[in-house]
Amino acid sequence: MTGVRAEEPAGAIPAATPPAATTAPAAPAVKPHATDAEIIARYDTNKDGKLDEDERAAVQMNTLDKKVAEKNEMRERAVTRLKAFDTDGDGKLSEAERTAMEKERREKAEKNPRAMKRIDTNGDGKLSDAEWAAVKDKVKERIEERKEK
Ligand SMILES: [Ca+2]
Ligand SMILES: [Ca+2]
């Protein structure tokens, strides 16, 4: 038995700089406002005061489940909203259907004092085209933000 000859690779360059410590510690897969103690209390099934792998997996599953449920709910609501305005029932919003939907939204917003407080920027109690455009821009921004996540 000669054993394996482990040769030093000739071109091996010792790492001059250790990898920078820029990588953040793995983010816990739970809502940021839940404290560690709370999470441990909830998921520490064998009550040893810490989370082992199984328990950690349970935390992750739970978080995922919630996210999926939220997403489904959002989608369902969007579909319901769309259906209300899909007058020809083809599952899509045509230009005319979209316009009708916007008109109703705008009218609703105008009748909603709480919304108006936010969006009636010149405070005349009416929603001008410019003010409505700003609202639409904000909604678009929020949708984009959500997509990025
Ligand atoms: Ca349609
Ligand atoms: Ca106004």
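Since the structure is predicted, the reported quantities are computational estimates derived from the model, not experimental observations.

1. Regarding the environment of D86
Inspection of the secondary structure assignment puts D86 in the loop between α2 (53-85) and α3 (95-111). On the basis of neighbour counts, which here come to 16 C-beta atoms within 10 Å, the residue D86 falls in the partly exposed class. A C-alpha to C-alpha distance of 6.2 Å links D86 and E97, two positions eleven residues apart in sequence. Beyond its immediate stretch of four places on either side in the chain, D86 contacts G91, K92, L93 and E97.

2. So, unusual backbone geometry
Notably, K47 is not glycine yet its phi reads approximately 55 degrees, a positive angle. Relative to the elements of secondary structure, K47 occurs in the loop between α1 (36-43) and α2. Using a count of 8 C-beta atoms within 10 Å as the deciding quantity, one classes K47 as exposed.

3. Looking at the environment of R81
Among the structural elements, R81 can be located in helix α2. Judged by the 13 C-beta atoms lying within 10 Å of it, R81 falls in the partly exposed class. When the C-alpha atoms of R81 and M101 are compared, they prove to be 9.1 Å apart, with 20 residues separating the residues in sequence.

Scoring rules and cut-offs
- The residue numbers shown here count from 1 along each chain, following its written sequence.
- Starting at A for chains and at 1 for ligands, labels are handed out in the order in which the entities are written.
- Two thresholds apply to this predicted model, a pLDDT of at least 70 for residue-level local features and 80 or more for giving and counting side-chain atom pairs, whereas whole-chain, interface and lining totals are computed over all residues.
- By definition, any uninterrupted DSSP run of H or I lasting at least four residues is a helix, any uninterrupted run of E lasting at least two residues is a strand, and each is numbered from the N terminus.
- Partly exposed residues are those falling between the two cut-offs: more than 12 but fewer than 20 other C-beta atoms within 10 Å of their own, whereas 20 or more means buried and 12 or fewer means exposed, with C-beta atoms placed from the backbone.
- Throughout, a pair of residues is in contact if the C-beta atoms placed from their backbones lie within 7 Å.

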